[in-house]
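Descriptive analysis of the structure
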Amino acid sequence: MSKGKFSSGVDLPLPVNAPGVTKQERAYQAIRDAILNGLLQASDRLPSTRVLSQRWGIARGTVESVFERLQLEGYITRKVGSGSLVSAVIPDSYLKAVTDTRTGEPDRNESVEIEETPVRQEGRYRAQVGVPFVARLASPLLIAPAEWAAHLQRAMAAMKPEQMCDVEPQGAWVLRDQIAQYLRKHRGIDCRAEQLLITNGIRHSIDLVARCVLKPGDDVCVEDPGYPAVHRIFEKAGANLLYAPIDNEGIDLHGISDSAECRLAYVTPAHQSPLGVIMSATRRLELLDWAQRQNAWIIEDDYDSEFNYQSAPLPALKSIDSMKRVVYCGSFNQALFSNLRLGYILAPPELHHRILALWHTIGRSVGVSEQLGLAEFMRGPAFLRHLRRSRQEYQTLRDIVLDTLMAEAPGRYRISGEHAGFHLILWLSPDQDEDALVREAERLGLMLQPLRNSCREIDLPPAFVLGFAALTRAQARNSARQLARLLH
Ligand SMILES: Cc1ncc(COP(=O)(O)O)c(C=O)c1O
């Protein structure tokens with residue numbers, strides 16, 4: 001591990017101007033890269049925002065926002081009177097890999113300007129919306145079938161005969177190219193179309209990885225509490241699951257012994273499923289270091305990072321994967337609608353070839369029409385506009401639920417994990433009976449999903465995973481009122 005030292009005098013050059021990269025993004029990269037490269041080490045003090053704003057010739061407020069983002073991501077801590085200190089601990093193996101693989105290419109991160117449109121009228125598709133408070137469900141109200149059909153139609157009209165039978169097994173190039181652009185601009189991942197494989201979603205991607213990597217009896221490290229559907233995929237592959245607990249920095253690997261024959265770890269760094277914790281920078285680097293030592297792969301499930309309500313989505317773990325250990329799995333089934341069944345894998349080259357070979361054997365599963373329709377959707381402003389509109393609507397729904405509970409059942413619960421995604425965690429007060437609440441809620445047509453259903457070895461206080469995304473605003477208000485009454 002690197003040793004910290006006091007170095008407020010360190011000179012941080014601002015990366016050169018690149019087209020489409022804002023000053024704020026460049027300032028963020030300058031500090032983050034200095035930490036990741038070891039120029040600034042754990043406990044080092046950063047220059048003040050005033051000094052940096054003068055040195056870089058940018059507004060102090062902009063530098064302030066950059067510091068806030070770095071703090072949120074766990075790279076620095078800020079204390080009144082002591083300034084801003086580097087808190088991320090960078091393993092030596094990571095520093096070595098960064099030095100080995102540095103190419104000198106400018107980072108192509110970019111901030112996004114997304115056009116604003118009003119959310120469509122609620123209630124038009126009432127029959128399709130979910131039951132309150134079912135979790136893990138996107139709203140079917142936010143994309144009109146006619147809008148999706150228009151993209152499909154345009155794509156079909158432009159389709160060339162060879163695309164009807166000659167699409168590459170790894171997926172239509174035009175779609176992979178759009179996804180690669182999206183990942184570069186919005187998730188900080190420098191990748192190209194050739195490195196991507198189209199699947200029908202995250203679970204499908206994970207199943208493919210499991211088949212390529214695991215033999216019966218192999219150990220797989222998973223989060224506890226975690227996403228039960230993925231745990232079942234590993235169990236079906238004959239794996240032995242090692243459960244790593246979650247604390248307020250994300251997955252804690254200390255209990256998973258280095259000597260364990262563990263070939264794979266599965267994590268949700270952006271918004272831990274289900275607790276909602278953001279994995280800190282130190283934990284991200286520890287995890288990468290662990291994978292390097294173990295010669296293991298890490299699956300990064302990035303299921304809902306588009307929906308972050310307190311800041312721009314955090315860069316993916318994959319964006320700092322200099323040792324090529326991370327298999328990044330993304331999906332459009334949350335961002336668009338759950339029956340779309342379109343996702344993708346970005347795997348390190350060795351694994352990419354293994355998955356592709358498996359793909360050839362078992363056949364492809366996503367139709368070319370959907371792939372080309374989605375590429376058409378992503379090409380123009382409509383996709384980013386849809387994400388922006390959905391984020392705003394989900395935030396509104398979350399606020400309705402939180403405000404209603406706060407007004408009508410104060411002191412009867414505690415909330416966590418509400419800064420992102422489709423659900424939050426509602427912790428009960430000690431005098432409440434979890435099972436009775438589930439039964440009472442069911443009588444009222446509400447579905448409360450106990451957190452314990454996502455726990456394997458860990459014992460957590462009673463809580464519910466409360467989904468709010470697949471509701472109309474009226475439903476969110478009424479069902480939150482009903483829940484508040486039950487909590488009383
Ligand atoms: C943590 C997590 N990963 C993956 C998924 C499923 O993704 P997909 O439908 O693309 O398989 C979900 C669904 O909500 C999820 O909660």
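So, here is what we can say about the structure in this document. This structure is a prediction, so every number in the text was calculated from the model and none was measured.

Quick look at the pattern of salt bridges
Side-chain pairs of opposite charge can arise where the charged atoms are in close proximity. Applying the stated criterion across every chain yields a total of 26 salt bridges. Residue Glu-393 is joined to Arg-473 by a salt bridge in which the shortest nitrogen-to-oxygen separation is 2.6 Å. Remark: Arg-473 occurs in helix H14 (residues 473-487) and Glu-393 occurs in helix H12 (residues 382-408); sequence separation between them is 80 residues. Given the relative accessible area of 7%, Glu-393 is considered buried. Arg-473 sits in the partly exposed class, given a relative accessible area of 28%. Look at the salt bridges and you will find they share partners, linking Glu-25, Arg-69 and Glu-73 into a network.

Thoughts on the environment of Ile-355
Tracing the backbone shows Ile-355 in helix H10 (residues 349-362). Looking at Ile-355, the relative accessible area reads 0%, which means it is buried. Expressed as a C-alpha distance, the spacing of Ile-355 and Ala-210, which sit 145 residues apart in the sequence, is 9.8 Å. Not counting the four nearest positions on each side in its chain, Ile-355 is found in contact with Leu-197, Leu-208, Val-209, Cys-212, Ile-345 and Ala-347.

Quick word on the site of the ligand
In the vicinity of the ligand, 13 residues are found, and the nearest of them are Arg-136, Ile-202, Arg-203, Asp-301 and Ser-331. Arg-203 is positioned such that a nitrogen or oxygen atom in its side chain is 2.9 Å from an oxygen atom of the ligand. Between the ligand and Arg-341, the relevant distance is 3.2 Å, taken from an oxygen atom to a side-chain nitrogen or oxygen of the residue. Partitioned by chemical class, the residues of the shell around the ligand number four nonpolar, five polar and four charged.

Some words on the packing of helix H7 (residues 202-213) against helix H8 (residues 228-236)
Put simply, H7 and H8 touch, their axes get as near as 10 Å, and they point 25° apart. Here H7 is positioned roughly parallel relative to H8, judged by the angle of their axes. Every pair of crossing elements has a handedness; the one defined by H7 and H8 is right-handed. Residue-level inspection shows Arg-203, Ile-206, Asp-207 and Ala-210 of H7 in contact with H8, the latter providing Ala-229, Val-230, Ile-233 and Phe-234. Residues that form the contact of H7 with H8 fall into these classes: six nonpolar, no polar and two charged.

Description of the sheet that holds strand S12 (residues 423-428)
Judged by pairing direction, the sheet is antiparallel, and its four strands sit side by side in the order S11-S12-S14-S13 without closing on themselves. Strands with a single pairing partner mark the edges of an open sheet, and in this sheet they are strand S11 (413-416) and strand S13 (449-450). The sheet contact formed by S11 and S12 spans four bridges and is antiparallel. Looking at S12, one finds that Ile-415 is bridged to Leu-426.

Things to note about the packing of aromatic side chains
Within the structure shown, the criterion is met by 11 aromatic pairs. Aromatic pair Phe-234 and Tyr-266: ring centres 6.2 Å apart, planes at 65°, arrangement edge-to-face. Pair noted here: Phe-234 is in helix H8 and Tyr-266 is in strand S7 (residues 262-267), with a separation of 32 residues, a long-range link. Note on accessibility: Phe-234 and Tyr-266 belong to one class, buried. Between Phe-307 and Tyr-394, the ring centres sit 5.1 Å apart and the planes meet at 85°, which makes this aromatic pair edge-to-face. Remark: Tyr-394 occurs in helix H12 and Phe-307 occurs in the loop between strand S8 (297-301) and strand S9 (326-331); sequence separation between them is 87 residues. The pair formed by Phe-307 and Tyr-394 is uniform in burial state, with each residue classed as buried. Cluster of aromatic residues (ring-pair linked, three or more members): Trp-148, Tyr-182, Tyr-328, Phe-332, Phe-337, Tyr-344, Phe-377 and Phe-383. Sitting above the plane of the Tyr-28 ring, Arg-69 keeps its charged end 3.7 Å from the centroid.

Concerning the pairing of S8
Of all the five residues making up S8, five are buried; the element is thus mostly covered by neighbouring parts of the structure. Both faces of S8 are covered, namely the face carrying Trp-297, Ile-299 and Asp-301 and the face carrying Ile-298 and Glu-300. For the crossover that starts at S7, traverses helix H9 (residues 281-294) and ends in the parallel S8, the hand is right-handed.

Concerning the nonpolar core
Ranked by size, the top nonpolar core spans 61 residues in total, and within it Leu-183, Phe-332, Tyr-394 and Leu-466 carry the most contacts. The biggest single contributor to this core is H12, with nine residues. Counting 56 residues, the second-largest nonpolar core is a separate cluster that includes Cys-262, Leu-285, Val-326 and Ala-463.

Calculation notes
- Residues numbered from 1 in each chain as written.
- Predicted model: local features only at pLDDT ≥ 70, side-chain atom pairs only at ≥ 80, totals over all residues.
- Heavy atoms only, no water.
- Salt bridge = Lys/Arg side-chain N within 4 Å of Asp/Glu carboxyl O.
- Helix = DSSP H or I, 4+ residues; strand = E, 2+ residues; numbered from the N terminus.
- Buried < 20%, exposed > 50% of the residue type's maximum accessible area, 1.4 Å probe, protein only.
- Contact = heavy atoms within 4.5 Å.
- Near = heavy atom within 4 Å.
- Polar contact = N/O pair within 3.5 Å; in protein donor to acceptor, adjacent residues only side chain to side chain.
- Nonpolar A, V, L, I, M, F, W, Y, C, P; charged D, E, K, R; others polar.
- Axes fitted to C-alpha atoms, helices over the stretch in contact; angles between N-to-C directions.
- Parallel < 35°, antiparallel > 145°, perpendicular 65-115°, else oblique.
- Left-handed = near helix turned anticlockwise from the far one by under 90°.
- Pairing = 2+ DSSP bridges.
- Phe/Tyr/Trp six-rings, centres within 6.5 Å; stacked < 30°, edge-to-face > 60°.
- Lys NZ or Arg CZ within 6 Å of the ring centre and 35° of its normal.
- Right-handed = clockwise from strand over helix to strand, strands pointing away.
- Core = buried A, V, L, I, M, F, W, Y, C linked by side-chain atoms within 4.5 Å.

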